[in-house]
Amino acid sequence: MSPFTRRAFLGATVLGIAGCTAAENPLVLPTDPLVERTETARGGTGRTRAVTLTATEGQIDLGGPVVRTWTYDGVLPGREIRVGAGDLIEARLVNRLPADTSVHWHGPALRNDMDGVPPLTQAAIRPGADFTYRFIAPTPGTYWFHPHTGTQLDRGLYAPLIVEDPAEPGAYDAEWVVVLDDWLDGTGTDPDQVLAGLRKRGGHMMHGASALGGDVAHPHHLINGRVASAPLTFAAKPGQRVRMRLINAGADTAYRVALAGHRMTVTHTDGVPVVPVDTDALVIGMGERYDVLVTLADGVFPLVAVAEGKSGAGLAVVRTGAGTAPVPDVRPAELRGKVVGYDELKATTPLPSRKPDVVHRLELTGGMMSYEWGINGRSDGLQRVRSGQRVRLEFVNTTMMWHPMHLHGHTFQLNGPRKDTAVVLPGQTVACEFDADNPGQWMVHCHNAYHAEAGMMAVLGYEEQR
Ligand SMILES: [Cu+2]
């Protein structure tokens, strides 16, 4: 557990850790009536989707390897939650784990007290206890959910959250949700042991030929819970158009994804529509999502997710006709083709241009040897904003590692696309802007589960206006 997560954020202690002086405004806590008022103003459809998620320990078959791990309801990935934009999600989490847990809803601009970040936005859900998340999912998109507690993200606790667009033209015949994950839990180790080892011995950067290596050797790479030697098959007919929703649920692995024999048309970044762009392959950092359209050819085609800078890959099979199944280590030529970059992607509804009211510089700090990561050299920093401000965040990566930086409760505008998670390469500065329109206390952190737990996190805190 990082020093940060041990601190009590709720209540007056937040002022202490923030180094707040008497002259500074108090913060808008998750319990503030303003949070409720903001939710009410979202309106919504009046429809409710009620689900129960049971976080539980048990045996899972990955398609050969059987592991003891933690999942939602004994399945991997967990069952998807699918709603329409504006619907109310009522998700009861029952904790049958031997540890505290929480559920963070990754991507949607939801009410702050339902963001699932103990102790910042709620108390941890204790073993044997339950907690019901109730929030409007205001914006269509491909999202997902996972715990925001320790390294639990690197167990099997993740599932898609799909918010459909009632105005979607639906110009496709089928839709596949494709969840990528690096796996080590139950293979003779677990994420807590791995983190303890990184802290004790320091990490080893695994880069190979890629700038996007990781810190940890995950023995398996999964697509929808299956190892490459026992892949899932997506069946369709030649000529059909398919929307694939790609989600990287990994803890420490960027994936390079391609479908053999096909180009993909990118339509959404982190759930937000972009002007369509064709590409051979995509590189997806942890926490990122891409939606693509593909018109299927006739035959059998591997869908491959290569672990960048590591060995191994996830595999699924797309079958529209006759043909032999691909070998587990197939590497389609498209993987070496064009990879679309952020600068080639343009949001169809970009944030209107405006001078920032406040600029926060977030230096990503730390290193592999001591395995202490931070933002501006600390793990408990506070960046103050006020409702109505245009905020500019500048992520300045001073480290030798890359970091997928995620902001809760908002999407931000990059130079091109709008996203909620952005890869920042070693030595690189990435600037993003957003309008502060969702009051509360929000995490901004690295989505490498080990970096986050080793301290690379801060809070974007709304101040009360007086
Ligand atoms: Cu990181």
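Source: prediction; values computed, not measured.

Parameters and conventions
- Residues numbered from 1 in each chain as written.
- Predicted model: local features only at pLDDT ≥ 70, side-chain atom pairs only at ≥ 80, totals over all residues.
- Heavy atoms only, no water.
- Pairing = 2+ DSSP bridges.
- Helix = DSSP H or I, 4+ residues; strand = E, 2+ residues; numbered from the N terminus.
- Axes fitted to C-alpha atoms, helices over the stretch in contact; angles between N-to-C directions.
- Buried < 20%, exposed > 50% of the residue type's maximum accessible area, 1.4 Å probe, protein only.
- Lys, Arg positive; Asp, Glu negative; His and termini not counted.
- Salt bridge = Lys/Arg side-chain N within 4 Å of Asp/Glu carboxyl O.
- Polar contact = N/O pair within 3.5 Å; in protein donor to acceptor, adjacent residues only side chain to side chain.
- UniProt positions renumbered as here; feature names shortened; annotations may be inferred.
- Core = buried A, V, L, I, M, F, W, Y, C linked by side-chain atoms within 4.5 Å.
- Contact = heavy atoms within 4.5 Å.

**Here we look at the sheet that holds strand β24 (residues 403–407)**
Link 1 in the chain: The mixed open sheet is built from 5 strands, whose spatial order is β22-β30-β29-β24-β27. Edge strands, defined here as strands with exactly one partner in the open sheet, are β22 (381–385) and β27 (421–424). When the angles between neighbouring strand axes are averaged without regard to direction, this sheet yields 20°.
Link 2 in the chain: Relative to strand β29 (residues 441–446), β24 runs antiparallel, the two sharing 3 bridges. Paired with L407 across the bridge in β29 is V444.

**Overview of the side chain of D181**
Link 1 in the chain: Among the secondary structure elements, D181 is positioned in strand β9 (residues 174–183).
Link 2 in the chain: No salt bridge is formed by the buried D181. Its closest oppositely charged neighbour is K310, at 9.5 Å.
Link 3 in the chain: Polar contacts involving the side chain of D181 include one to the side chain of Y158, which spans 2.9 Å.

**Points about the environment of T265**
Link 1 in the chain: Along the chain, the position of T265 falls in strand β14 (residues 264–269).
Link 2 in the chain: In this structure T265 comes out as partly exposed when scored by relative accessible area, which is 21%.
Link 3 in the chain: Reaching out from T265, the side chain makes a polar contact with the side chain of D278 at a distance of 2.7 Å.

**Focus on the UniProt feature "domain: Plastocyanin-like" (unreviewed entry) in the protein**
Link 1 in the chain: Mapped onto this numbering, the UniProt entry gives "domain: Plastocyanin-like" (unreviewed entry) at residues 60–167, 175–318 and 356–462.
Link 2 in the chain: Span residues 60–167 is 0% helix and 40% strand, its end C-alpha atoms 38 Å apart.
Link 3 in the chain: Across residues 175–318, the secondary structure splits into 8% helix and 47% strand, with the terminal C-alpha atoms separated by 13 Å.

**What about the nonpolar core?**
Looking at soluble globular proteins, one finds that nonpolar side chains tend to be buried together.
Link 1 in the chain: Judged by nonpolar contacts, the single largest core of 88 residues is most densely connected at W105, F145, L393, F395 and Y450.
Link 2 in the chain: When near neighbours in sequence (up to four residues on either side) are disregarded, L393 contacts H360, L362, L407, V430, A431, C432, F434 and L460.
Link 3 in the chain: Core analysis: the next-biggest nonpolar cluster, separate from the first, contains 31 residues, A174, A236, V294 and F301 among them.

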